[in-house]
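# Report on the structure
One-letter residues, chain by chain:
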Amino acid sequence: MTKAEHNKILEELLAQVPLANVRGDVILMSQMMAVDFQIGLMQKLVARLSPRHQAYQGLQAQVEKAAANFKQGRYLA
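Residues numbered from 1 in each chain as written. Predicted model: local features only at pLDDT ≥ 70, side-chain atom pairs only at ≥ 80, totals over all residues. Heavy atoms only, no water.

### Quick notes on the environment of Ser-50
Within the fold, Ser-50 resides in the loop between helix H3 (35-48) and helix H4 (56-71). Between the C-alpha atoms of Ser-50 and Val-17, which are 33 residues apart in sequence, the distance is 9.8 Å. (Helix = DSSP H or I, 4+ residues; strand = E, 2+ residues; numbered from the N terminus.)

### Thoughts on the side chain of Gln-38
The topology assignment puts Gln-38 in helix H3. Among the polar contacts listed, one links the side chain of Gln-38 to the backbone oxygen of Ser-30, at a separation of 3.1 Å. In this view, Gln-38 contacts Lys-3, His-6, Asn-7, Leu-10, Ser-30, Gln-31 and Met-33; residues no more than four positions away in its chain are not counted. (Polar contact = N/O pair within 3.5 Å; in protein donor to acceptor, adjacent residues only side chain to side chain. Contact = heavy atoms within 4.5 Å.)

### Some words on the packing of H3 against H4
With their axes 10 Å apart at the nearest point, H3 and H4 run at an angle of 150° to one another. For the element pair H3 / H4, the angle class is roughly antiparallel. The handedness of the crossing between H3 and H4 is left-handed. Note on element contacts: H4 touches H3 through Tyr-56, Leu-59, Gln-60, Val-63, Ala-66, Ala-67 and Phe-70, opposite Val-35, Asp-36, Ile-39, Met-42, Gln-43 and Val-46. Among the residues making up the contact of H3 with H4, the classes are represented as ten nonpolar, two polar and one charged. (Axes fitted to C-alpha atoms, helices over the stretch in contact; angles between N-to-C directions. Parallel < 35°, antiparallel > 145°, perpendicular 65-115°, else oblique. Left-handed = near helix turned anticlockwise from the far one by under 90°. Nonpolar A, V, L, I, M, F, W, Y, C, P; charged D, E, K, R; others polar.)

### Focus on the confidence of the model for the protein
Regions with low pLDDT should not have their predicted coordinates read in detail. Averaged over all residues, the pLDDT of the protein is 89; the fraction at 70 or higher stands at 97%. Across the protein, the secondary-structure element scoring lowest on mean pLDDT is helix H2 (residues 23-32), at 86, and the one scoring highest is H4, at 95. (pLDDT = per-residue confidence, 0-100.)

### Some details on the environment of Leu-28
Examined against the element boundaries, Leu-28 turns out to sit in helix H2. Judged by its relative accessible area of 47%, Leu-28 is partly exposed. In this structure, the C-alpha to C-alpha distance between Leu-28 and Glu-11, residues 17 residues apart in sequence, is 9.4 Å. (Buried < 20%, exposed > 50% of the residue type's maximum accessible area, 1.4 Å probe, protein only.)

### Some words on H3
For H3, spanning 14 residues, the distance from its first C-alpha to its last is 20 Å, which sits close to the expected 20 Å at 1.5 Å a residue. Looking at H3, one finds that the buried residues are Val-35, Gln-38, Ile-39, Leu-41, Met-42, Leu-45 and Val-46. Buried residues of H3 fall within an arc of 160° about the axis and therefore sit on the same side. Residues of H3 that are exposed and point over 90 degrees away from its buried face: Phe-37, Lys-44, Ala-47 and Arg-48. (Expected span 1.5 Å × (residues − 1). Arc of directions from axis to C-beta.)

In C-alpha cells, the structure reads:
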C-alpha cells in the first residue's frame, strides 16, 4: 500500500473518532508520520471504533492489510 492509501484510511478513521477542535491538526500530523507510526495509530483508532459502527469492518480490514503489507516489506512510497 502507498502512503497516500494509508492517509485515506487515517482520514476515514479520524472522521469516525471524536477529536474536538484538533481534528485538522491530527490529520496533518498523521499524514506526516513515518509508516510504522501511521500503522500503529490506525490500529489504535480502529480498536477504539465500535464493532457495531457501519465503517468498522471495512476499516479493520484495510488496517490489517496495511499492517501485513508493511511487515512483509510491501510498502510502496
